[in-house]
Amino acid sequence: MASTSKAISNSAHQQGQTCIAFSRDGKIAYTGGLDTLVRIWHTDQGEDQEPEAAYEADEGITAVAAAEGCWLSGGHDSDVRKYIPGKAQFDGLVTSTAGVSIRCLAVDPSGKRVAVASDELSVKIVNLDEITNMVVLEGGHKKRVRKTTWHPSGSILTTSGSDGTIVAWNISDTEAKVEHVIDGIIPEVVDPESPEFMHDCSAVWHPSGQYFFTASRTHEIVAISRSTWTKTSSLSDPNIVGATTALALSANGVYLASACKQEISVWSVQTKRVLWRHPGTPNAFTIQIAFSPTENLLAWTDTEGVLSRWRDAIPAGSPDPVRQTAASSAQGTTTKRKSTPPLWGEEPDADAEGGDPYGDDWIIDDLGDGMEDEPEGTKAMRAGDRFVKEMVSITKAQPAFQPGSTPMENKKRYLAYNMVGVIEVTDQDTHHIINVEFHDRSTRKGYHFTDHFKYDLGSLGERGALFACPPELDHPAQVIYKPYGTWSTQGDWTYTLPKGQRVLGLAAGGERPMRSLRDPSSSGGDIQGQGNIVIATSSGDLTFLSGSGIERIVLGVEGEYVTMAAAEEYVLVVHRPGATTIDGSQSLVATLISFEDFQVLQEKPLPIPKGHTLRWIGTTDEGAPAIYDSAGYIHLMIHHRRPNRAAWARLMDTNLLERKQGKDESYWPVGLSQDTFMCLILKGRQEHPGFPRPLIQELPVRLPFRNQDPVDSPIEERIARERIHVNLARDALGDELTSPEIDKREVELDKQLLKLIQASCKADKAPRVIELVKRLHFPNSIAAASQLAGFYRLIGLQERIEAIKLWREQNATPAEEAREGRQGFAYEDAPLARPKPFQNFNPPPKVDRPGLARSAGIVEQTEFTASSVAIRAGRSRAPQASASRSTSPEGKRKRDDNDDDLSSNTFDVEVKRRAVGESDAVVPSPKPSACITIQPWHA
C-alpha cells in the first residue's frame, strides 16, 4: 500500500556513493558524499534550509556516525575525524588506516567506542575517550571489510566482508575472538568500483538482540538467529524484484525499511509483509537508509546525491516506531545477561546502571558506568593533557600525479589540461576515445583517435602529445609520442618498458613553433626539432629521449617520484628524498635539469605549508618554474637561470582575491603569465573540473603585500612584480647588455618610481626618496627626481640626488653590473680543470700584494706647472685668433686658415686624476727648446 505522506528531497552531494546517520537525539542528520563534504541537516526544517558543511576531508566521504558527545566521518583519505555535536567544528583525528579507504563506522550502544572497517583485512575498535586505546580484530576475513555493526549489548561485533562472509566477534573478554563465521548468505563482491559494492550487506540487529536481518545474495531479506547463527525466516514480496540495496530497523524494532531499485518499502517485522511503499529518485538506487531514533521519520540517500526525508512514514493509528509497545515486546523474550567487563581492563562499578531507551525489563547494561557522564574535572584534565589525548599520526605521503590530469568520473576524464590545449578521454568499456584539442587552432590542428591500450597518462607539449598505458597481463607498459606536424611519413613512435615496470609520469618539452604546425611540409618542416621527452618509471629512474625517439640518458631519482613538468630548456622534477614528517610536511624537493647537458641547475625544497599538498606545477610564459599548493599559494622560482642561486617567491595568495570573499570556491591552475593567473573555477569542495569543459578564467596576479596604503601600496606591488620579471628576462640575455624590450619595461618602471618619489617629496620623507632614487635605471630619471626635489624646495635632498647622479655617471650602469654578475656566475660555476701531476712547467702565477708595493709620489698637473707652458701660451693666443676672424656681410663667419691649427693645439689635453698607488711614470716637465729674445721697441 502506498503511503499518504510524501518525502521532501534535497540535492545534498554529487553523484556517486553517499551515506547518512542521525544524531543520538534525532535532531540532526549527517550526510556525506564523494564531494568531500559532510552536510548537517536539521530535521525540524524544510527543504529550503541551507545546511552547514564540514570541509576537512581531502577525498570522498564514505561513512558517518554519531557518538556520545561527537560525530565522526571517514572516507577515501584514510582518516577518521571527530567533530563537535551538531556543528562543523573539527575536533581532531581519531585514527587513520594505512593509506586505504574507510568503508564503515559503527558506534557501540554506549556511544563510547567506534569500530572502523576499511579495505584492510582487519577492523579497529577505538575508545573515543582514549584514542590511544585500540583493539585490532584480525584473521576473520580474507578480503576487505565492507560493513560492521554492534549487538545491542555491545559484547558482539559483526563484520561483513567482500569475501561473502559475516564474522561474529566476541569482545566481552579481555581478548577478542571469533565466535562464528556465517558463509553463503551475503553476496561476494570483489570490485570496489562496481555498483554492487555500495549495496548494504550489514547485519542489522534487532533491539532484542536475538537475531539480525541482512540482504542475501538470492535477493531476500533473511533473519539469522543469535543462538544458532542460522537462518530462521525470510522476508519476500512478489512485487519486489532485484537486489536489496539498503536496510534499517526502527528504534523499537517493529518496522524494517528496505530499498530496492527506485522504491522504499516498510515491512512489519511481526507479519513479515510490506505495509507501505514510497518511490525513490528516478534512475538511482538508495545506498543507505535510517530511522530517526526519537521521532517518526525515515531518511535515505541515493546515487544521485539526493537526501530524502519521509516524515510520518508510519501513518497515525499504527504502532509508533519509537516507543516501546506490546507489538515490540512480542518480538522476543526477555533476556538477562551478566555484566560484560570493559574491553580495556577497567573494573566496572557494580552499583551503577546505565540508561536504556528500550526499558530495563529486557536487558541489563553490561558496560557498567559506561553511560554515565565523566566528571567535569576529569574532562578538563584529559583535555589539557595533550600527551594522553592526542594520537600520534604519520603524515600520509602524497602519491605521484600528472599535472592537469583528473580521475575518471562518469566515464570521462582529462589526461592533460594546460595552455597548449586539452586531452579528453571517453571510456567506451572496450576502448577509449582520445580527443586532442588546442586553444590556438591556427598553429596546431586538433585530432581524435581510438585507444585500445587505454592510456592513463598524457602530456601536451609545444611539439607533440605524449601518452602512456599501464602494463596488463603479458602486455608491457608503453609510451607513444605523436608530433603535431611532420614532413616525414612516419612521425609517431613507441617506447616499450621492460616487463614489471610501469610509467609514473610524463613530460614533453620543446621550443615554441616559429610557424604553423597544422600541415605537413615537403620542404623540410620546422628545423627546431620535435622537442624532448622525459619518462619517470617505477624502477626509480628518469629516461630522457629526443623528439624522434633517440634515447639520450637515464638518470636515477634520489627518492620517491611525485610529478614533473617540462619547458623549452629544462625539466622540473619533484621528488621526496626521504619520508614525510610527523608535523604534516610532505618534504618535497624540486630539481631543475637541463635538456642540453643534463646539468642540475637548481635543487630547492618546495615551500608548501605543513598539512598541505602540491596541486600543480608548470612554467610561466617567460619560462620560469611555478607551483600551486592546496593552501592556495602560487610560488615562482626566481633567478632559475643562475646556477644554485634560485629562490621561491610567493607570487600570489588566492585566498586574498576579491572575488573569493564570501564565496566557497577554489581554483584549478591551467597557466601563469606576468599579470594573469589562468585557471578553472571550482565550486564548493570540488577538486577537479568536470564535463562539459568549463571556460578558462583569468585572475589578476597580485603579490601578497601587507601594506594597506591605498595610494602607494598598488604602485609598490606593481613595481616589485615587474622587477621580478625584468630580472628573469635579463638573466636570459647572456653576454648581451640589454634589449629594446627590457629598456622599454625599465622606462615604465622609472615612471612608477617617479610617482612614489613625488609623493615622498610632498610628504617630506627624505630617506624614502633617496632609496627610491637609487632604484632608478636611467640618468634622465634621476635628473627628473632632482627637479622634483627642487620643486618642493628640498635643497639638501636635491644635492644628495645630484651626488647620486654623479656617482652613477662615473660608475657602471645597472645593466653593466647585471652583465658582470652573469659572467661572474658562469666563472664561479665553471667546471674545475684537473691538472696532471708534474706536467706544469709554467712559472707560478703572479700574486698581487698591494700592501708590499713600493710607494711613489704623485705629481699633480695643473695649468700653473712648468709643463703647462704650452697650454697657457695657446690660451693667450686664443683672443688674438678670434679677433683675426672676419665676418661675411650676411653675418656669417668665414673659414680661416688658422682654424685647422686650432684642432691640433693643446686645448684637448685632459687633466686626469690618479689614485694612490698607481704605478704610472711621472711625466717630466718639458724643457723649452728655444730661447725667447727680447727686442727693443722703436718708436
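Residues numbered from 1 in each chain as written. Predicted model: local features only at pLDDT ≥ 70, side-chain atom pairs only at ≥ 80, totals over all residues. Heavy atoms only, no water.

Asker: Describe helix H7 (residues 779-791), naming the residues involved and giving the relevant values.
Answerer: For H7, with 13 residues, the first-to-last C-alpha span of 18 Å sits near the 18 Å given by 1.5 Å per residue. Within H7, the full set of buried residues consists of Ser781, Ile782, Ala783, Ala785, Ser786, Leu788 and Ala789. Lining the buried residues of H7 we find helix H5 (740-762), helix H6 (766-774) and helix H8 (795-810). (Helix = DSSP H or I, 4+ residues; strand = E, 2+ residues; numbered from the N terminus. Expected span 1.5 Å × (residues − 1). Buried < 20%, exposed > 50% of the residue type's maximum accessible area, 1.4 Å probe, protein only. Contact = heavy atoms within 4.5 Å.)

Asker: How would you summarise the nonpolar core if you had to cite specific residues and measurements?
Answerer: If you look at the biggest cluster of nonpolar residues, it comprises 24 residues, and the most contacted ones within it are Ile757, Val769, Val773, Leu776, Ala785, Leu797 and Ile801. Of all the secondary-structure elements, those providing two or more residues to this core are helix H4 (712-731), H5, H6, H7 and H8. Looking at this core, the element that brings in the most residues is H5, giving 7 residues. Those residues in contact with valine 773, other than ones at most four positions away along the chain, are Ile757, Ile782, Ala785, Ile801, Ile804 and Arg808. (Core = buried A, V, L, I, M, F, W, Y, C linked by side-chain atoms within 4.5 Å.)

Asker: Go over the side chain of glutamine 602 with me, naming the residues and quoting the values.
Answerer: With respect to the helices and strands, the residue glutamine 602 is situated in strand S44 (residues 600-605). With a relative accessible area of 0%, glutamine 602 lands in the buried category. Side-chain polar atoms of glutamine 602 contact the backbone oxygen of histidine 640, separated by 3.1 Å. At 3.2 Å, the side chain of glutamine 602 and the backbone nitrogen of arginine 645 are in polar contact. Sequence-distant contacts of glutamine 602, that is, excluding residues within four places in its chain, are made with Ala590, Thr591, Leu592, Met637, His639, His640, Arg642, Pro643, Asn644, Arg645 and Ala646. (Polar contact = N/O pair within 3.5 Å; in protein donor to acceptor, adjacent residues only side chain to side chain.)

Asker: Please provide a residue-by-residue account of the sheet that holds strand S11 (residues 113-118), values included.
Answerer: Taken in spatial order, the 4 strands of this open sheet run S10-S11-S12-S13, and their pairing is antiparallel. In this open sheet, the two strands that pair with only one neighbour each are strand S10 (102-107) and strand S13 (134-137). Taking each pair of neighbouring strands and ignoring which way they run, the sheet shows an average axis angle of 20°. In the sheet, strand S12 (residues 123-127) pairs with S13 via 4 bridges, with the strands oriented antiparallel. Bridged to valine 126 within S13 is methionine 134. (Pairing = 2+ DSSP bridges. Axes fitted to C-alpha atoms, helices over the stretch in contact; angles between N-to-C directions.)

Asker: With reference to specific residues and values, describe the pairing of strand S3 (residues 28-33).
Answerer: For S3, the buried fraction is high: 6 of the 6 residues fall into the buried class. The two faces of S3 match: Ile28, Tyr30 and Gly32 on one face and Ala29, Thr31 and Gly33 on the other face are all buried. Strand direction decides the pairing type here: strand S2 (residues 18-22) and S3, joined by 5 bridges, are antiparallel. Its bridge partner lying in S3, cysteine 19 is registered against glycine 32. Pairing between S3 and strand S4 (residues 38-42): 5 bridges, direction antiparallel. For alanine 29, the partnering residue across the bridge sits in S4 and is tryptophan 41. Between S3 and S4, which follow one another and run antiparallel, lie 4 residues, and threonine 36 among them has a positive phi close to 70°.

Asker: Can you explain the sheet that holds S4? Please cite residues and give values.
Answerer: Taken together, the 4 strands give an open sheet; going across it, the order is S2-S3-S4-S5, and neighbouring strands pair in antiparallel fashion. One side of each edge strand has no neighbouring strand; the edge strands of this open sheet are S2 and strand S5 (52-54). Each adjacent strand pair in this sheet contributes to an overall mean axis angle of 25°, direction not counted.

Asker: So what's going on with the packing of H4 against H5? Residues and values would help.
Answerer: Direction vectors running N to C along H4 and H5 enclose 155°, while the axes themselves pass 10 Å from each other. Compared by their axis directions, H4 and H5 come out roughly antiparallel. Note on packing geometry: the crossing formed by H4 with H5 is left-handed. Residues Asp712, Ile715, Glu716, Arg718, Ile719, Glu722, Arg723, His725, Val726, Ala729 and Arg730 of H4 form the contact with H5, whose participating residues are Ile742, Arg745, Glu746, Leu749, Gln752, Leu753, Lys755, Leu756 and Ala759. Of the residues that constitute the contact of H4 with H5, the class distribution is 9 nonpolar, 2 polar and 9 charged. (Parallel < 35°, antiparallel > 145°, perpendicular 65-115°, else oblique. Left-handed = near helix turned anticlockwise from the far one by under 90°. Nonpolar A, V, L, I, M, F, W, Y, C, P; charged D, E, K, R; others polar.)

Asker: Describe the confidence of the model for the chain, with residues and values.
Answerer: Confidence in the prediction for the chain averages 82 pLDDT; 79% of positions are at 70 or higher. Scored below 50 in pLDDT, residues 327-393 shows 96 contacts in the model against residues more than four places distant or in partner chains. Segment residues 878-939 is flagged for pLDDT under 50; beyond a separation of four residues in sequence, or across chains, it makes 31 contacts in the model. (pLDDT = per-residue confidence, 0-100.)

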